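# Structural characterization, general
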Amino acid sequence: MLSVTFCLQISAYFELFNILFNQYLPRLCSHFKSLNVTPNMFLLDWICTIYSRSLPLDVACRVWDVYFRDGDVFLFRTAIGILSLFRDQMMEMEFIDLARFLTHIPETVSSEELFSHIARIGITPKRYAQALTKQLAVNQQPPS
């Protein structure tokens, strides 16, 4: 059985992702919301597998290298980078196609293109830690 603390932490990660998603890709975030596509449909798999199931192995290996250097913040930057890279395509998709796309990213994804998009995501490890701490505190407050 999952602990309440674990569930609150996962919830905080999803909320933080939504904040970053809306900040960096507001139109795409809005499109996802209009289709009821939520981070729990793809983000947990992406992060828990460190992108090994969703990205080609050579690209995933590059992600792993930077993740081991930079920490969790890079997993979020990668998620936003993937969404940024495929933004135009995803803006044209309906729910079922979008859900399928998010769980099966094209094998043709270029490492250079993806990392170019990731580089545009300017969240620093310090800012990430502050935002996550704030979100964890919000999630641990009892409902009013």
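Residues numbered from 1 in each chain as written. Predicted model: local features only at pLDDT ≥ 70, side-chain atom pairs only at ≥ 80, totals over all residues. Heavy atoms only, no water.

### Section: the layout of surface pockets
Taken as a whole, the largest pocket encloses approximately 160 Å³ of empty space. In this structure, the largest pocket is lined by Ile10, Tyr13, Phe14, Leu43, Leu44, Ile47, Cys48, Asp72, Leu75, Phe76 and Tyr128. At the level of elements, helix 1 (4-24), helix 3 (43-48) and helix 5 (72-85) are the ones that each hand at least two residues to the lining of the largest pocket. Here the lining of the largest pocket gets 4 residues from one element, more than from any other, and that element is helix 3. Within the lining of the largest pocket, the residues separate by chemical class into 10 nonpolar, no polar and 1 charged. (1 Å grid on protein atoms, 1.4 Å probe; cavity = no way out; pocket = protein on both sides within 12 Å on 5 of 7 lines; lining within 4 Å. Points joined across faces, edges and corners; volume = space filled by probe spheres on them. Helix = DSSP H or I, 4+ residues; strand = E, 2+ residues; numbered from the N terminus. Nonpolar A, V, L, I, M, F, W, Y, C, P; charged D, E, K, R; others polar.)

### Description of a negative patch on the surface
Taken together, the side chains of Asp58, Glu107, Glu112 and Glu113 present a region of like negative charge at the surface. Checked against the element boundaries, Glu113 lands in helix 8 (residues 111-119). (Patch = residues over 30% accessible without salt bridge, like charges linked within 9 Å, V, L, I, M, F, W, Y side chains within 5 Å. Areas by Shrake-Rupley, 256 points an atom, 1.4 Å probe, with all protein chains shown as cover. Salt bridge = Lys/Arg side-chain N within 4 Å of Asp/Glu carboxyl O. Lys, Arg positive; Asp, Glu negative; His and termini not counted. Charge placed at Lys NZ, Arg CZ, Asp CG, Glu CD.)

### Details of helix 8
Three or more residues of helix 8 are buried, namely Ser111, Leu114, Phe115, His117 and Ile118. What you see down the axis of helix 8 is that its buried residues fit within an arc of 155°, all on one side. For helix 8, the exposed residues set more than 90 degrees away from the buried face come down to Glu112 and Ala119. With a side-chain oxygen positioned 3.2 Å from the backbone nitrogen of Glu112, the residue opening helix 8 is Ser110. (Buried < 20%, exposed > 50% of the residue type's maximum accessible area, 1.4 Å probe, protein only. Arc of directions from axis to C-beta. Polar contact = N/O pair within 3.5 Å; in protein donor to acceptor, adjacent residues only side chain to side chain.)

### Quick notes on the packing of helix 5 against helix 8
Running from amino to carboxyl end, helix 5 crosses helix 8 at an angle of 115°, the nearest separation of the two axes being 8 Å. As judged from the angle between their axes, helix 5 and helix 8 are roughly perpendicular. The hand of the helix 5/helix 8 crossing is right-handed. On helix 8, the residues that touch Phe74, Arg77, Thr78, Gly81, Ile82, Ser84 and Leu85 of helix 5 are Glu113, Leu114, Phe115, His117, Ile118 and Ala119. Partitioning the contact of helix 5 with helix 8 into residue classes produces 7 nonpolar, 4 polar and 2 charged. (Axes fitted to C-alpha atoms, helices over the stretch in contact; angles between N-to-C directions. Parallel < 35°, antiparallel > 145°, perpendicular 65-115°, else oblique. Left-handed = near helix turned anticlockwise from the far one by under 90°. Contact = heavy atoms within 4.5 Å.)

### Concerning unusual backbone geometry
In this structure, Asn36 takes a positive phi of about 60° despite not being glycine. Taking the relative accessible area as the measure of exposure, Asn36 reaches 60% and is therefore exposed. Its identity is not glycine, yet Tyr51 carries a phi of approximately 70°, on the positive side. Looking at the secondary structure, you find Tyr51 in the loop between helix 3 and helix 4 (57-70).

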